Amino acid sequence: MNQIQRGQRFQQLHTTDAIFLMPNAWDVGSALMLASCGFPAIATTSAGVAFSLGFPDQEAAVSRETMLDRVESIAAASPLPVSADLQSGYGASPEEVGETITVAIRAGVVGANIEDYSGNPAQALFDREHAVARVRAARRAADASGVPFVLTARSDVYLTGASNAFAEAVERCNAYREAGADCLFVPGASDPKTIEALVREINGPLTVVMGLTGSPLTVLQLGSLGVRRVTVGGSLARATFGLIRRAAQEMAASGTFSYADQQIPDAELSQFFADQRGSGFAM
């Protein structure tokens, strides 16, 4: 599929009643592994990319250019629609957010999420009116590209401890929807009653993130609540680093190598990547 076809396919996933899981990759290898397992789309994780570069999960730690270089490599390698985690859009102003969307589409993605977290401890969320203007600018930029594009507006009201978080999430998400968001995302809401209420009150498809400690809900259960899309954020990358740390501690402390029991044999992994590259994947 070319980018137009991937964009059309990604849009279709959001207009049916069926829930779908979109796991998050942080490099080409993880993207190829995920793409081979039957998922209809994949996303990037800004946290995973930052960790792989040795940086914290903070927008200021990794430049837009560096992040989008990685995103571009993932989009070029994947036969599936790719949605980019663009954090707060790499700029506070609507114009900067619009420019980021334009550059991301040029990098090959057919979707992206923009969050309303400001990074300012004194005011953790952008003022609602300003946040809406940022979503509107992102929509304009996406439409101007001519590429079918799913814009996800993320509200961090729960993660920032906002007062009246539920009501604020609903008001913000509905405003973002009116401004042109195709999908809404409220991380931090994890219990069934809250998720079901958000689905009921938000006028658009809802994304939730799983893979967090203490999040036992399955995709089937989330589908029964009305959720449209599920991601795992940076949890898969964090689990990978968890393995590295446990293995390092074991080697340093006892000189043993039990972690090796979990590895994929070299020949098998080499054959897997050779097969993927030989099936039309970009080098």
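The numbers attached to residues start from 1 for each chain and follow its sequence in the written order. Restriction of local features to residues with pLDDT of at least 70 applies here, the model being predicted, together with a cutoff of 80 or more for giving and counting side-chain atom pairs; totals for whole chains, interfaces and linings are based on all residues. Values reported for side chains reflect all heavy atoms of the structure, with hydrogen atoms and water molecules removed beforehand.

**Student:** Please provide a residue-by-residue account of the overall build of the protein chain, values included.
**Tutor:** The number of helices and strands found in the protein chain is eleven helices and eleven strands. Here the C-alpha radius of gyration of the protein chain, 19 Å, is about what a compact globule of 283 residues would show, namely 19 Å. Dimensions of the protein chain, computed from C-alpha atoms along their principal axes, come out at roughly 55 × 40 × 40 Å. Within the protein chain, the proportion of its 283 residues that are buried is 48%. Here the analysis covers contacts within the protein chain between residues at least 6 apart in sequence; of these, 67% occur between residues at least 24 apart. Total accessible area on the protein chain stands at roughly 13,200 Å², and carbon and sulfur atoms take up 53% of it. Taking the average location of the 21 positive side-chain charges in the protein chain and that of its 29 negative ones, the two points are 3 Å from each other. For helices the rule is a DSSP run of H or I covering at least 4 residues; for strands it is a run of E covering at least 2, with both sets numbered from the N terminus onward. Atoms counted for the radius of gyration: C-alpha only. Globule rule: 2.2 Å times the number of residues to the power 0.38. Buried residues are those whose accessible area, probed at 1.4 Å on protein chains only, stays under 20% of the maximum for their type, while exposed residues exceed 50% and partly exposed ones sit between those limits. The criterion used for residue contact is that any of the two residues' heavy atoms lie within 4.5 Å. The protein chains shown are the only cover counted for residues, whose accessible areas, like all others here, come from Shrake-Rupley with a 1.4 Å probe. Asp and Glu count as negative and Lys and Arg as positive, but His and the ends of the chain are not part of the count. The location of each charge is read from NZ of Lys, CZ of Arg, CG of Asp or CD of Glu.

**Student:** An account of the side chain of aspartate 85 is needed here, citing residue identities and associated values.
**Tutor:** Looking at the element boundaries, aspartate 85 is found in strand E4 (residues 82-85). For salt bridges, the criterion is a side-chain nitrogen of Lys or Arg within 4 Å of an Asp or Glu carboxyl oxygen. We note that aspartate 85 is buried and unpaired, the nearest opposite charge coming from arginine 154 at a distance of 5.3 Å. Polar contact criterion, stated in full: a pair of N or O atoms within 3.5 Å, where within protein one must be able to donate a hydrogen and the other to accept it, and residues adjacent in sequence count only if both atoms are side-chain atoms. Here glutamine 87 takes part through its backbone nitrogen, which lies 3.1 Å from a polar atom of the side chain of aspartate 85. If near-sequence neighbours (up to four positions away) are discounted, aspartate 85 is found in contact with Thr44, Thr45, Ser46 and Asn113.

**Student:** I'd like a description of the sheet that holds strand E3 (residues 42-44), backed by residues and values.
**Tutor:** Spatially, nine strands are ordered E1-E11-E10-E9-E8-E5-E4-E3-E2 in an open sheet, and the strand pairing comes out parallel. The two strands at the open ends of the sheet, each matched to only one other strand, are strand E1 (20-21) and strand E2 (24-25). Paired strands are those between which DSSP finds at least two bridges. One ladder, built from two bridges, connects E3 with E4; its direction is parallel. Following the sheet pairing, isoleucine 42 is matched in E4 by valine 82.

**Student:** Describe the pairing of E4, with residues and values.
**Tutor:** Alternating positions in E4 separate into two faces, Val82 and Ala84 on one and Ser83 and Asp85 on the other, with burial throughout. In this structure, E4 lies alongside strand E5 (residues 111-115), joined through three bridges in parallel fashion. Bridge pairing links serine 83 to glycine 111 in E5. Handedness of the crossover joining E4 and E5 through helix H5 (residues 94-106) is recorded here as right-handed. Looking down the strands as they point away from you, a crossover is right-handed if its path from the first strand over the helix to the second goes clockwise.

**Student:** How would you explain the packing of aromatic side chains if you had to name every residue and give the values?
**Tutor:** Between the rings of Phe, Tyr and Trp (Trp by its six-membered ring), a pair exists once the centres lie within 6.5 Å; its type follows the angle of the planes, with under 30 degrees stacked, over 60 edge-to-face, and the other angles tilted. Within the structure shown, the criterion is met by two aromatic pairs. Here phenylalanine 272 and phenylalanine 273 contribute two aromatic rings whose centre-to-centre distance is 5.1 Å and whose plane-to-plane angle is 70°, an arrangement assigned as edge-to-face. Residue class for phenylalanine 272 comes out buried when judged on its relative accessible area of 16%.

**Student:** How would you summarise the environment of alanine 181 if you had to cite specific residues and measurements?
**Tutor:** Structurally, alanine 181 is set in the loop between helix H7 (165-178) and strand E9 (183-185). Look at alanine 181 and you get buried, because its relative accessible area is 3%. Between the C-alpha atoms of alanine 181 and alanine 142, which are 39 residues apart in sequence, the distance is 11 Å.

**Student:** Can you break down the pattern of salt bridges residue by residue, with the values?
**Tutor:** Considering all chains together, one arrives at ten salt bridges under this definition. The closest approach of N and O atoms between arginine 154 and aspartate 156, which form a salt bridge, is 2.6 Å. Accessibility expressed as a relative area gives 16% for arginine 154, which makes it buried. In this structure, arginine 200 engages glutamate 201 in a salt bridge whose closest nitrogen and oxygen atoms are separated by 3.8 Å.

**Student:** Tell me what's going on with a nonpolar patch on the surface, and back it up with residues and numbers.
**Tutor:** Taken together, Met251, Phe257 and Tyr259 make up a surface patch of nonpolar side chains, about 280 Å² in accessible area. When you line up the elements, methionine 251 lands in helix H10 (residues 235-254). Owing to a relative accessible area of 34%, methionine 251 belongs among the partly exposed residues under this scheme. Like charges are joined within 9 Å and nonpolar side chains (Val, Leu, Ile, Met, Phe, Trp, Tyr) within 5 Å, but only among residues with over 30% relative accessible area and no salt bridge; these make up the patches.

**Student:** Before we move on, can you summarise the packing of helix H2 (residues 28-35) against helix H4 (residues 64-77) with the specific residues and values?
**Tutor:** Geometry is summarised by axes, namely lines fitted to C-alpha atoms with helices restricted to the contacting stretch, and by angles between N-to-C directions that run from 0 to 180 degrees. Following both chains from N to C, one finds H2 and H4 inclined at 35°, their axes separated by 9 Å at the closest point. Where H2 crosses over H4, the handedness of that crossing is right-handed. Two secondary-structure elements touch here, H2 through Val28, Ala31 and Leu32 and H4 through Ser73, Ile74 and Ala77. Grouping the amino acids of the contact of H2 with H4 by side-chain chemistry returns five nonpolar, one polar and no charged. If you view the pair so one helix is near and one far, a crossing is left-handed when the near helix is turned anticlockwise from the far one by less than a right angle, and right-handed when it is turned clockwise. Each residue receives one of three labels: charged for Asp, Glu, Lys and Arg, nonpolar for Ala, Val, Leu, Ile, Met, Phe, Trp, Tyr, Cys and Pro, and polar for the others, Gly being one of them.

**Student:** How would you sum up the side chain of serine 88? Please name residues and give values.
**Tutor:** Inspection of the secondary structure puts serine 88 in the loop between E4 and H5. A relative accessible area of 7% places serine 88 in the buried class. Among residues more than four places away in sequence, those in contact with serine 88 are Glu59, Val97, Ile114, Glu115, Tyr117, Phe126 and Arg134.

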